[in-house]
Amino acid sequence: MKKLRFLLTACVLAFAMTACGDKNAETGETSQQNTESATQSASETAPTQETGLSSTQEFQETEENNLDTVEGWSQEMTAVRDAIVDALGENYWPNTAITPQMLEDTFGIASDLYDDYMGEMPMISTNVDTLLIIKAKSDKVDEVEEALNTYRDHLVNDTMQYPMNLGKIQASRIERIGSYVCFVQLGADTTAVSESGEEAVITHCQEQNELVIEIIGQNVER
């Protein structure tokens, strides 16, 4: 009788241990699946090493920047800008749209002075390449030109400018084409030219500016 009782107890213990093992194995598989799912989710939203943004964020930010470049520009101004970019290619460096608020705060040109405009400037201060085309109101052309001359004078007299920008600023130009007033300060990479001195840089930038002014004159409605 004692022997039978012992055998029954041993069977019960063996069954319990087997069930417990199966439960632990199942729990382990569930835990592993949860871990793999969390890892996959994290990898999809983890920052990339180069940009610090996830792929989705990087795409959205690029799209937003592209939209900012043309937001609010008329077909005419967009066409003029496209013609300039086609001509200069990688030598067209302005990359940030000038908003109406920037136009007033930075250049002194309020919205009641113009009917249309387009403008781009650099995102970082180490680069000064800037293009601004203002279609002034018929009785405000002089006032717009004066505001742009004041802005240019400020740049020329700014002793804190980076040395590599001095030639571009000296070569910058304000041009009237009918009711359009343009501020052109281009030149892109002047590193190679600078080896020949500042005058060579100024000449190079003047040539780039002249080319752009010709393109503007060919594409605006007079």
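Scroll up to find the structure this text is about.
Residues numbered from 1 in each chain as written. Predicted model: local features only at pLDDT ≥ 70, side-chain atom pairs only at ≥ 80, totals over all residues. Heavy atoms only, no water.

Draft legend 1. Summary view of the pairing of strand 3 (residues 130-136). The buried fraction of strand 3 is high, at six of seven residues. Bridge count between strand 3 and strand 5 (residues 180-185): six bridges; the pairing is antiparallel. Bridge assignment links L132 to a residue of strand 5, and that residue is F183. (Buried < 20%, exposed > 50% of the residue type's maximum accessible area, 1.4 Å probe, protein only. Helix = DSSP H or I, 4+ residues; strand = E, 2+ residues; numbered from the N terminus. Pairing = 2+ DSSP bridges.)

Draft legend 2. Structural view of the sheet that holds strand 5. As summarised here, the arrangement of the five strands in space is 1-2-3-5-4, forming an open sheet in which the pairing is antiparallel. The open sheet terminates on both sides in strands that have one partner only, identified here as strand 1 (96-97) and strand 4 (173-177). Sheet analysis places strand 4 next to strand 5, joined by five bridges and oriented antiparallel. Note on strand 5: the bridge partner recorded for E175 is C182. Across the sheet, helix 3 (residues 75-88) is in contact with strand 2 (114-121), strand 3 and strand 5; its angle to strand 2 comes to roughly 30 degrees. Helix-sheet contacts for helix 4 (residues 100-107) involve strand 1, strand 2 and strand 3, and the interaxial angle to strand 2 is about 80 degrees. (Contact = heavy atoms within 4.5 Å. Axes fitted to C-alpha atoms, helices over the stretch in contact; angles between N-to-C directions.)

Draft legend 3. Expanded view of the pairing of strand 2. Summarising burial for strand 2: seven of the eight residues are buried, a large majority. Across two bridges, strand 1 lies against strand 2 in antiparallel orientation. Within the sheet, the bridge partner assigned to A97 lies in strand 2 and is E120.

Draft legend 4. Molecular detail of the packing of aromatic side chains. Summed over all chains, the structure comprises three aromatic pairs. Pairing F107 with Y151 gives two aromatic rings, centres 4.3 Å apart and planes at 45 degrees, and the pair type is tilted. With a gap of 44 residues between them, F107 in helix 4 and Y151 in helix 5 (residues 141-156) connect regions that are remote in the sequence. Assessed through its relative accessible area of 3%, F107 is described here as buried. For the ring pair Y114 and Y117, a centre distance of 5.4 Å and an interplane angle of 70 degrees mean the geometry is edge-to-face. (Phe/Tyr/Trp six-rings, centres within 6.5 Å; stacked < 30°, edge-to-face > 60°.)

Draft legend 5. Just the side chain of D116, in detail. Tracing the chain through its elements places D116 in strand 2. Among buried charged residues, D116 stands out as having no salt bridge; its nearest opposite-charge side chain is K135, 5.8 Å away. A polar side-chain atom of D116 sits 2.5 Å from a polar atom in the side chain of S74. Setting aside anything within four residues of it in sequence, one finds D116 in contact with S74, E76, M77, I133, I134 and K135. (Lys, Arg positive; Asp, Glu negative; His and termini not counted. Salt bridge = Lys/Arg side-chain N within 4 Å of Asp/Glu carboxyl O. Polar contact = N/O pair within 3.5 Å; in protein donor to acceptor, adjacent residues only side chain to side chain.)

Draft legend 6. Seen up close, helix 6 (residues 163-171). Listed in full, the buried residues belonging to helix 6 are N165, G167, K168, I169 and A171. Residues of helix 6 that are buried in the fold lie against helix 5, strand 4, strand 5 and helix 8 (198-219).

Draft legend 7. Spotlight on the environment of Q208. Locating Q208 in the fold gives a position in helix 8. On the basis of relative accessible area, Q208 is assigned to the buried category, the value being 15%. Separated by 21 residues in the primary sequence, Q208 and G187 have C-alpha atoms spaced 5.9 Å apart. Aside from chain neighbours lying at most four places away, what touches Q208 is L88, N91 and G187.

Draft legend 8. Inspection of the pattern of salt bridges at higher detail. Evaluated as defined, the whole model comprises eight salt bridges. Of the charged contacts in the structure, one is a salt bridge between R176 and D142, with a shortest N-O distance of 2.6 Å. Of this pair, R176 sits in strand 4 while D142 sits in helix 5, and the two are 34 residues apart along the sequence. With a relative accessible area of 54%, D142 lands in the exposed category. Of the charged contacts, one joins R176 and E145 as a salt bridge, the two residues approaching to 2.8 Å between their closest N and O atoms. With a gap of 31 residues between them, R176 in strand 4 and E145 in helix 5 connect regions that are remote in the sequence. The partly exposed category is assigned to R176, whose relative accessible area is 38%.

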